[in-house]
Amino acid sequence: SLGTAKRRMKQHVLPQVRESVEEGTYVACTFDYEKSLPDGRPGRKAWTDIFRRAIPQFEKRVRIQLEEEAGSEEEEKMAESIASSFAREYGELLDKLEEDPSRDLPGFEAACARGRGGAAGLSCKALCALREACLTKRGLRDAFKHVKRKENLESLLILDQLAAEIDAVPGTARDRMELALKNCFAGNLFDLGAHFSSEKYEKGKTKKGDPLQAFRETREALPERPWKIDCLDEAVLQLSARGKFKKAIVFADNAGSDLICGILVFVRELLKAGTTVVVAANEKPAINDITADELVALFTKLGKGAPRVRDQVLCSHCESGNLRVVSSGSDLPIIDLSELFASVV
C-alpha cells in the first residue's frame, strides 16, 4: 500500500554516513563557499551572487501567490509591497553575510544556527534556511505551490509515453537504464528553484508545441560525454543488474518534470530490476521541491479529471509495497543525511 510512513520528529542518521557524522567529518553541503573559484573570483561573493540573482524570481512568486489568495482588494494591493519587503530583507542579509559570514543576524538566530551547523563560513544550507525564514516571516510557506501544481499536471501528460519509450528500447536492461538516467538529467535541467533554469521557464512558457518532443530535445541537448564527473557506465551496469540491490532510497527533488519525467521513470527501472524502492520527499515545502504529501497525492488523488500517476508498473508496486513514499523530514532544498526521519532509514 502507498502512503507516508508514520512520521517521527526525532532525527536519524543514514547508516552509511554514521561513522563520518560521529567523527565530525560529514558535511551536508558539497561546496566550500569560502574557497576561491578556478577563475579567481572570491568564492563567498560568487555564491551569494547566485542566491542574489534568484531574488527577483522569488519576489515575483510571492507577489503572484499573495494576489491570488487575497481575500480583499486591500490585501491584493499589499501583495507587491510584501513581496518587495522580502526581496529587500533577504538581499540585505546576503550583503551582511558576504561581508562577515560569522556575524549575528538578530531575528534569524535559529536559521543561522541550523544552517551553519557549527561550521565557520557560509553554506548552501545556511542561505536556504535564511531565505525560508524570510518567506515564513511573511506567512509564505509554499511560494511555488501554483507552479508545482501546474508542472505536475503537464508532466503527467507525457509520463506514460516516456515509460513506453523506455520499454521499447531495443537491447538490454542496461540500455533502458541509461535512457532512464538521462531522463533524470533532462528533467533536472527544468528547475524553477535555480535562477538560470527559471529564466528558461519564463522564456519558454508561451511556446506552443508537443511537450514530449520538447522534453526529448532537452535530453538530446545534454552535454557530450565524457562529463567532468562521469560514472554513468558503472551506474548503469550496477543499477540495471537484476537482484543486485535489495533496497534503494531515492531522494525526490523538484516537482514537475524532474520528479515525473525523471525520477519516477528511473524508479520504474529499479523496480523492474527487482529492487524495493523508498522515495523520500520533503516534509515541508521548500522552493519548488515536491513534498511527501504532494507526491502521495499524485498516486492516490481520485475524482473526475484529477491528475494522478496511472502507470501500471508503478501502481502495481505501490499496491504490493515494493514502492513507498516517505517524508525525509526536511524543509529545505538540501539533503542532510544526518537529519532524517526514521521512516527513511
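Residues numbered from 1 in each chain as written. Predicted model: local features only at pLDDT ≥ 70, side-chain atom pairs only at ≥ 80, totals over all residues. Heavy atoms only, no water.

Draft legend 1. Molecular detail of the packing of helix H2 (residues 43–53) against helix H4 (residues 73–99). Across the interface, H2 lies against H4 with an axial gap of 10 Å and an inter-helix angle of 175 degrees. It follows that H2 is roughly antiparallel to H4 by the angle criterion. Between H2 and H4, the residues in contact are Arg44, Lys45, Thr48, Asp49, Phe51 and Arg52 and Tyr90, Leu94, Asp95, Leu97, Glu98 and Glu99, respectively. Grouping the amino acids of the contact of H2 with H4 by side-chain chemistry returns four nonpolar, one polar and seven charged. (Axes fitted to C-alpha atoms, helices over the stretch in contact; angles between N-to-C directions. Helix = DSSP H or I, 4+ residues; strand = E, 2+ residues; numbered from the N terminus. Parallel < 35°, antiparallel > 145°, perpendicular 65-115°, else oblique. Contact = heavy atoms within 4.5 Å. Nonpolar A, V, L, I, M, F, W, Y, C, P; charged D, E, K, R; others polar.)

Draft legend 2. A look at the packing of aromatic side chains. Throughout the structure, instances matching the rule amount to five aromatic pairs. Among the aromatic residues, those joined into a ring-pair cluster are Phe31, Tyr33 and Trp47. (Phe/Tyr/Trp six-rings, centres within 6.5 Å; stacked < 30°, edge-to-face > 60°.)

Draft legend 3. Focus on the pairing of strand E2 (residues 276–281). Counting buried positions along E2 yields five of six residues, so the element is predominantly enclosed. Read as a crossover between parallel neighbours, the route from strand E1 (residues 247–251) over helix H12 (residues 257–272) to E2 is right-handed. Note that E2 and strand E3 (residues 323–327) share five bridges and pair parallel. Looking across to E3, one finds that alanine 280 is bridged to valine 326. (Buried < 20%, exposed > 50% of the residue type's maximum accessible area, 1.4 Å probe, protein only. Right-handed = clockwise from strand over helix to strand, strands pointing away. Pairing = 2+ DSSP bridges.)

Draft legend 4. Here's a closer look at the pattern of salt bridges. Per the stated rule, a full pass over the model turns up 28 salt bridges. Glutamate 34 serves as the salt-bridge partner of arginine 44, at 2.8 Å between the closest nitrogen and oxygen. Remark: glutamate 34 occurs in the loop between helix H1 (18–23) and H2 and arginine 44 occurs in helix H2; sequence separation between them is ten residues. Residue class for arginine 44 comes out partly exposed when judged on its relative accessible area of 22%. For glutamate 34, a relative accessible area of 34% corresponds to the partly exposed category. (Salt bridge = Lys/Arg side-chain N within 4 Å of Asp/Glu carboxyl O.)

Function cannot be inferred from these measures alone, as they are strictly geometric.
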